[in-house]
Amino acid sequence: MAAQVLAKQLRLDSVFLNIAKEVATLSHCTRSKVGAVIELAGNIISFGFNGTPHGMKNCCEDNNNVTLPHVIHAESNAIIKAAKSGQSMRGGTLYLTLSPCLDCCKLILQSEIKRVVYLEEYRDRTGIDFLKSFIKVEQYEY
């Protein structure tokens, strides 16, 4: 029975991560396109991608291809979108194409998301090392 539950969870993880990859294609960033999906009880309650705040030019990098400081990360956008609609994220799972930074991990923890599953690892592990002290964090293996 436990093997069936694990197999089902792995299939769901694959589906939601594939959706996060598709969401990432909406980003106007050239250096790195990141997608996020928040799932709760089998339903997608929010999604986001990295980009600039509303009303700003959709340009994420400077002339040296360095990410501009005002770019909002995919997971932050997904959390903000859920919060704006009054949707609780308590107990949900966040699926990401790239592991979160420390600032985003604080938002994730504050949102009461219980699990994070990501595809690629961000160069700085500080965020996921911090988050692992509080919730379940997994890198998805195909």
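Peer 1: How do you make sense of the state of the cysteines when you look at a structure like this?
Peer 2: By the definition in use, this model includes one disulfide. The disulfide that involves Cys29 links it to Cys60, with 2.2 Å between the sulfurs. In this structure the cystine formed by Cys29 and Cys60 twists about its S-S bond by roughly -70°; its chirality is therefore left-handed. Within this pair, whereas Cys29 is found in the loop between α1 (2–24) and β1 (35–40), its partner Cys60 is found in the loop between β2 (43–49) and α2 (74–84), the two being separated by 31 residues in sequence. Free of any disulfide, Cys59 has its nearest neighbouring cysteine sulfur in Cys60, separated by 6.8 Å. Free cysteine: Cys105, not disulfide-bonded; nearest cysteine sulfur from Cys101 at 6.7 Å.

Peer 1: Just to check I follow, could you spell out a nonpolar patch on the surface for this structure?
Peer 2: Taken together, the side chains of Val15, Ile19, Leu26, Ile44 and Phe47 present a nonpolar region at the surface, about 380 Å² in accessible area. Secondary-structure elements contributing two or more residues to the nonpolar patch are α1 and β2. Structurally, Ile19 can be placed in helix α1.

Peer 1: Would you take a moment to explain helix α3 (residues 102–110) for this structure?
Peer 2: Helical geometry note: an α-helix holds 3.6 residues per turn, so side chains three or four residues apart project in the same direction. Turning to α3, its buried residues number three or more, namely Cys104, Cys105 and Ile108. On an axial view of α3, the arc spanned by its buried residues comes to 105°, and they lie on one face. What points out from α3, more than 90 degrees from its buried face, is the exposed set Asp103 and Gln110. Contact partners of the buried residues in α3: α2, β3 (93–98), β4 (115–120) and α4 (126–131). Note on α3: the residue one or two positions beyond its end, Glu112, has a positive phi of about 65°.

Peer 1: Whenever I open this one, the nonpolar core confuses me. Can you help?
Peer 2: As a rule of thumb, nonpolar side chains are buried together in soluble globular proteins. In terms of nonpolar packing, the biggest core is built from 19 residues, with Ile38, Leu94, Ile108, Ile113, Val116, Leu131 and Val137 touching the most fellow members. The dominant element in this core, judged by the number of residues it contributes, is α2, at four residues. In this structure, Phe16, Val37, Val117 and Leu119 belong to the second largest nonpolar core, which totals nine residues.

Peer 1: Explain the sheet that holds β4 to me, please; I cannot follow it from the model alone.
Peer 2: A sheet is described by the order of its strands in space; here five strands give the open sequence β2-β1-β3-β4-β5, paired in mixed fashion. Every interior strand has two partners, whereas the edge strands, β2 and β5 (136–139), have only one. Strand-to-strand, the axes of this sheet are offset by a mean angle of 15°, without reference to chain direction. In terms of strand pairing, β4 meets β5 through four bridges, oriented parallel. The partner of Tyr118 across the bridge, within β5, is Gln139.

Rules used throughout
Residues numbered from 1 in each chain as written. Predicted model: local features only at pLDDT ≥ 70, side-chain atom pairs only at ≥ 80, totals over all residues. Heavy atoms only, no water. Disulfide = S-S within 2.5 Å. Helix = DSSP H or I, 4+ residues; strand = E, 2+ residues; numbered from the N terminus. Patch = residues over 30% accessible without salt bridge, like charges linked within 9 Å, V, L, I, M, F, W, Y side chains within 5 Å. Areas by Shrake-Rupley, 256 points an atom, 1.4 Å probe, with all protein chains shown as cover. Salt bridge = Lys/Arg side-chain N within 4 Å of Asp/Glu carboxyl O. Buried < 20%, exposed > 50% of the residue type's maximum accessible area, 1.4 Å probe, protein only. Arc of directions from axis to C-beta. Contact = heavy atoms within 4.5 Å. Core = buried A, V, L, I, M, F, W, Y, C linked by side-chain atoms within 4.5 Å. Pairing = 2+ DSSP bridges. Axes fitted to C-alpha atoms, helices over the stretch in contact; angles between N-to-C directions.

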